[in-house]
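# A structural walkthrough
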Amino acid sequence: MKVSLFLCVILGGVAPFFFFGGPGYHSPQSYKAAWNLGHIFFFSVVTILLFPYLIRWKRQWHELQHLSVVFFLVLVAGVLVEFLQMYSSHRSPDVYDILRNQLGCLVGYTLITFKYKAAAARWWVWPFRCFVCACLLFALWPLTRSLVDEHVARKQFPVLADFETPLERMRWMNSRQLEVQEKIVRHGKRAAQVRLTTATYSGTTLFNFPHNWHDYSILHFSVYNPLEQPLKLHCRIHDTRHKESGSVFSDRFHQKFTLHQGWNDLQVSLKEVEQAPKSRNMDMGQIENLGFFVVRQPEPRLMYLDHIYLSR
């Protein structure tokens, strides 16, 4: 009884976070991944609490019937939560959240099988446990991957990106537009190919990187233009306070470069970045966004990015 009460208190404390709080748009990948795992934890506890009552209510049922009922109830609850989020918070429905809910149900039942001898004796329990463990490891991979890459990024700094490490592509927004390749390279063994479209704004943005640029004076990056036709490339930088102004153009740094055929080794003065906002100085200890994009291209084309780093 004490354990059940304790678990109920935990659920009561966690439930509001389905609708309030949570990671923001620019939050670290590891924070977002850890937050998503909350679905698994919450519904595993729900399953553990429901099962004793269901077993007492339907003693004649087979264990799989009990599991099916709880699995269905968790599914209904998960869909309802996703539906309510559309009207009570800034979030939108996510089918992966529903899958995490169902995995939480299976994790909860797996823990229950260690308590109830009748369930543990079934032939299918060990294969079931192995299956759930495999699913759980798969669900933990985004968090593991993020923590590893964030550690690597801290060790690489002041290099922000050079595409030499296998997980680095996930630091970028629209990472599907990026392909790490080894044919056209400015530094090291790899560089990123960026597919540019005919959308109004097309490019890529570095989101996950060390944000304190206080002790540096120049941002360096190399861009390769494979065509004879020059390419107008825009570089955008803003800090965490940018959203306070409504993300207006005058509150961020923006510079346009003309890319000629071949490699273009470019520099940005961080003093100019600091002084770019019209009514304040940019917080160089909280740089949040570094973007490279083109505007209204008449046809799709490619560019290549490499060796993005800071220097004193």
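None of these values were measured; they are calculated from a predicted model.

### Regarding the layout of surface pockets
When its volume is computed, the second largest pocket comes out at roughly 480 Å³. Every residue lining the second largest pocket is counted, 26 residues in all, and those nearest its centre are Thr-205, Arg-236, Arg-252, Asn-289 and Phe-293. At six residues, strand S10 (residues 287–295) tops the list of elements feeding residues into the lining of the second largest pocket. Here the lining of the second largest pocket is composed, by residue class, of eight nonpolar, 13 polar and five charged.

### Things to note about the sheet that holds strand S2 (residues 172–173)
Strands sit in the order S2-S5-S10-S7-S8 across an open sheet of five strands; the sheet is antiparallel. Only two strands of the sheet have a single partner each, and these edge strands are S2 and strand S8 (253–259). Bridge count for S2 against strand S5 (residues 201–206) is two bridges, and the pairing is antiparallel. The residue of S5 that forms the bridge with Met-173 is Thr-205.

### Details of the environment of Lys-189
Looking at the secondary structure, you find Lys-189 in the loop between strand S3 (178–181) and strand S4 (191–196). Take Lys-189: its relative accessible area is 62%, and that puts it in the exposed class. In this view, Lys-189 contacts Glu-164, Gln-181 and Glu-182; residues no more than four positions away in its chain are not counted.

### Some thoughts on the packing of helix H2 (residues 29–36) against helix H7 (residues 125–156)
In the contact formed by H2 and H7, the axes pass within 8 Å of each other and the chain directions differ by 160 degrees. Here H2 is positioned roughly antiparallel relative to H7, judged by the angle of their axes. Our pair here, H2 against H7, has a crossing hand that is left-handed. Along its contact with H2, which presents Gln-29, Ser-30, Ala-33 and Ala-34, the element H7 presents Pro-142, Leu-143, Ser-146, Leu-147 and Glu-150. The residue inventory of the contact of H2 with H7, partitioned by class, reads five nonpolar, three polar and one charged.

### Description of the environment of Arg-171
Within the secondary structure, Arg-171 is located in the loop between strand S1 (159–161) and S2. Note: C-alpha distance between Arg-171 and Ser-146 (25 residues apart in sequence) is 8.8 Å. Leaving out residues up to four positions away in the same chain, Arg-171 has contacts with Gln-29, Asp-149, Val-152, Ala-153, Gln-156, Leu-160, Ala-161, Thr-165, Thr-205, Leu-206, Phe-207 and Asn-208. Among the polar contacts made by the side chain of Arg-171, one reaches the main-chain carbonyl oxygen of Leu-160 at a distance of 3.1 Å.

### Thoughts on empty space enclosed by the protein
This structure, assessed with the given rule, holds one cavity of 30 Å³ or more. Reported here for the largest cavity is a volume of approximately 40 Å³. Taken together, Leu-227, Gln-229, Gln-297, Pro-298, Glu-299 and Arg-301 make up the full set of residues lining the largest cavity.

Rules of the game
Residues numbered from 1 in each chain as written. Predicted model: local features only at pLDDT ≥ 70, side-chain atom pairs only at ≥ 80, totals over all residues. Heavy atoms only, no water. 1 Å grid on protein atoms, 1.4 Å probe; cavity = no way out; pocket = protein on both sides within 12 Å on 5 of 7 lines; lining within 4 Å. Points joined across faces, edges and corners; volume = space filled by probe spheres on them. Helix = DSSP H or I, 4+ residues; strand = E, 2+ residues; numbered from the N terminus. Nonpolar A, V, L, I, M, F, W, Y, C, P; charged D, E, K, R; others polar. Pairing = 2+ DSSP bridges. Buried < 20%, exposed > 50% of the residue type's maximum accessible area, 1.4 Å probe, protein only. Contact = heavy atoms within 4.5 Å. Axes fitted to C-alpha atoms, helices over the stretch in contact; angles between N-to-C directions. Parallel < 35°, antiparallel > 145°, perpendicular 65-115°, else oblique. Left-handed = near helix turned anticlockwise from the far one by under 90°. Polar contact = N/O pair within 3.5 Å; in protein donor to acceptor, adjacent residues only side chain to side chain.

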